[in-house]
Amino acid sequence: MEIIFKNVGYRYKNRKILEKVNLKIRNNMITGITGDNKTLLIELINSITFPSYGEIKIGNQEINDDNLIELRRTVCLIRQNPEEQFFTATVKEEMEFLVGRLNYKSKNIIKKMKDSLQIVGLNEKYLEKDIFKLSTGEQKLIQVAISLLYNPNIVIFDEPFVELDYTNKKKLIKLIKLLKERYHKTVIIASNDSNILYELTDDLVVIKKTRIIAADETEKIYQDVDFLVYNDIEIPDLVAFTAKAREKNVKLSFHKDIRDLIKDVYKHV
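Residues numbered from 1 in each chain as written. Predicted model: local features only at pLDDT ≥ 70, side-chain atom pairs only at ≥ 80, totals over all residues. Heavy atoms only, no water.

Visitor: Help me understand the pattern of salt bridges in this model?
Guide: Opposite charge on two side chains permits pairing when their charged atoms draw close. What the rule picks out here adds up to nine salt bridges. With a shortest N-O distance of 3.7 Å, Glu19 and Lys16 are connected by a salt bridge. Under the relative-accessibility criterion, Lys16 is labelled partly exposed at 43%. Note that Glu96 and Lys92 form a salt bridge whose closest N and O atoms lie 2.8 Å from each other. On the criterion of helical spacing, the pair formed by Glu96 and Lys92 is a turn pair, its members being four residues apart in helix H3 (residues 91–101). Judged by relative accessible area, which is 38%, Glu96 ranks as partly exposed. Three or more residues are tied together by salt bridges with common partners; here these are Lys16, Glu19 and Arg211. (Salt bridge = Lys/Arg side-chain N within 4 Å of Asp/Glu carboxyl O. Buried < 20%, exposed > 50% of the residue type's maximum accessible area, 1.4 Å probe, protein only. Helix = DSSP H or I, 4+ residues; strand = E, 2+ residues; numbered from the N terminus.)

Written as structure tokens, this is what we have:
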């Protein structure tokens, strides 16, 4: 589902936080948002916060007070800290709580709970587990499972890889790709981790202070090293390596996958 910002701004106590945001987030793509005020931007999409001026459309619907419940079934926000998102003790209770809050009705809700857990790689035994006794990686997967229960079109992650070890990062990356490729979700990732964003996203939005300074395909933005340096944006490791090699007249191409870069190195070195 496509998301469109038209001349959107946000002010807090007469201070400009975001201004004149015009942006299109493409349907069924993974879009990264990085830089300043990235969390505010995703909260505007999730209608946790409302703009001071301008219009935000989710699909064909403009966000307003009249359609909040419907839009919150469409858009799901996975918070950075899982414990901030949980209100009950067990996974089953948390799922039931969300179903009630969104007034979501299903003939076989228990089956949907089990199916949601299966999608993220967890079995039905997790329904009875204490959420707060699970590992951070398990809690992150539970967050996604709970959100999938009502089948949102848009899934937003706020700094999803913070505090995850290597194994759980790989699990979450695989799951995010699955959300796009098999379940045709529009996925948004707010993060300042340039390596993850470069590897994982199709499009990238860069915010500096109050404005969007770039919104394009991820490769175009991250491979423009001069732009990154000028705007003090972290350069992905693969891009930095290739740029250094080019300075030494090694004719490498930019790659998003390290395996492709290694093949290229063997050809030219």
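The rest of the description comes next.
Visitor: Is there a simple way to explain the pairing of strand E6 (residues 75–78) in this structure?
Guide: Each regular strand shows side chains that alternate between the opposite faces of the sheet. Burial along E6 is two-sided: Val75 and Leu77 facing one way and Cys76 and Ile78 facing the other are all buried. Two strands pair when backbone bridges link them, and E6 and strand E7 (residues 154–158) are joined in this way by four bridges, in the parallel orientation. Counted as the bridge partner of Leu77 is Ile156 from E7. (Pairing = 2+ DSSP bridges.)

Visitor: Is there a simple way to think about the environment of Phe97 in this case?
Guide: By the element assignment, Phe97 lies in helix H3. Each C-alpha atom, one on Phe97 and one on Phe86, is 9.6 Å from the other, the two residues being 11 residues apart in sequence. Here Phe97 is in contact with Phe87 and Thr88, once residues within four sequence places are set aside. (Contact = heavy atoms within 4.5 Å.)

Visitor: Any chance you could explain the sheet that holds strand E10 (residues 211–217) here in plain terms?
Guide: One key point about sheets: their strands pair by backbone hydrogen bonds, in either a parallel or an antiparallel sense. A sheet is described by the order of its strands in space; here six strands give the open sequence E6-E7-E8-E3-E9-E10, paired in mixed fashion. Pairing within the sheet leaves two strands with one partner each, and these edge strands are E6 and E10. When the angles between neighbouring strand axes are averaged without regard to direction, this sheet yields 15°. Where strand E3 (residues 30–35) meets strand E9 (residues 203–208), five bridges bridge the pair, whose relative direction is parallel. Bridging from a neighbouring strand, Thr31 pairs with Asp203 of E9. Against the sheet, helix H1 (residues 38–45) makes contact with E3, E6, E7, strand E8 (186–190) and E9, and its axis sits at roughly 135° relative to E3, the strand it touches most. (Axes fitted to C-alpha atoms, helices over the stretch in contact; angles between N-to-C directions.)

Visitor: How should I be thinking about the packing of aromatic side chains in this particular structure?
Guide: The description of two aromatic rings rests on the distance between their centres and on the angle between their planes. This model, assessed by the stated rule, comprises three aromatic pairs. Here Phe86 and Phe132 contribute two aromatic rings whose centre-to-centre distance is 6.3 Å and whose plane-to-plane angle is 85°, an arrangement assigned as edge-to-face. Taken together, the positions of Phe86 in the loop between E6 and H3 and Phe132 in the loop between helix H4 (109–119) and helix H5 (136–148) put the pair 46 residues apart, joining distant regions of the chain. Ring geometry for Tyr198 against Tyr222: centres 5.9 Å apart, planes inclined by 85°, an arrangement best described as edge-to-face. Separated by 24 residues along the polypeptide, Tyr198 in helix H7 (residues 194–200) and Tyr222 in helix H8 (residues 218–222) bring together distant segments of the chain. Note on Tyr222: relative accessible area 1%, which makes it buried. Between Lys129 and the ring centre of Tyr126, over which it is positioned, the NZ or CZ distance is 4.1 Å. (Phe/Tyr/Trp six-rings, centres within 6.5 Å; stacked < 30°, edge-to-face > 60°. Lys NZ or Arg CZ within 6 Å of the ring centre and 35° of its normal.)

Visitor: Even after reading the chapter, I still don't get the packing of H4 against H5, so can you show me in this structure?
Guide: Geometry of a packed helix pair, given as the angle between the helix axes and the separation of the axes. Relative orientation of the contacting elements H4 and H5 amounts to 135°, with a least axis distance of 8 Å. As far as their axial angle goes, H5 and H4 are oblique. Pair H4 / H5 crosses with right-handed handedness. Packed against H4, whose contacting residues are Ser116, Leu117 and Ile119, the element H5 presents Ile142, Ala145 and Leu148 at the interface. (Parallel < 35°, antiparallel > 145°, perpendicular 65-115°, else oblique. Left-handed = near helix turned anticlockwise from the far one by under 90°.)

Visitor: Just to check I follow, could you spell out the pairing of strand E4 (residues 53–58) for this structure?
Guide: In terms of strand pairing, strand E1 (residues 3–12) meets E4 through five bridges, oriented antiparallel. Across the sheet, Gly9 pairs through a bridge with Tyr53, a residue of E4. The sheet contact formed by E4 and strand E5 (residues 61–62) spans two bridges and is antiparallel. Bridging across to E5, Lys57 finds its partner in Glu62. Between the end of E4 and the start of E5, which pair antiparallel, lie two residues, with Gly59 showing a positive phi angle near 65°.

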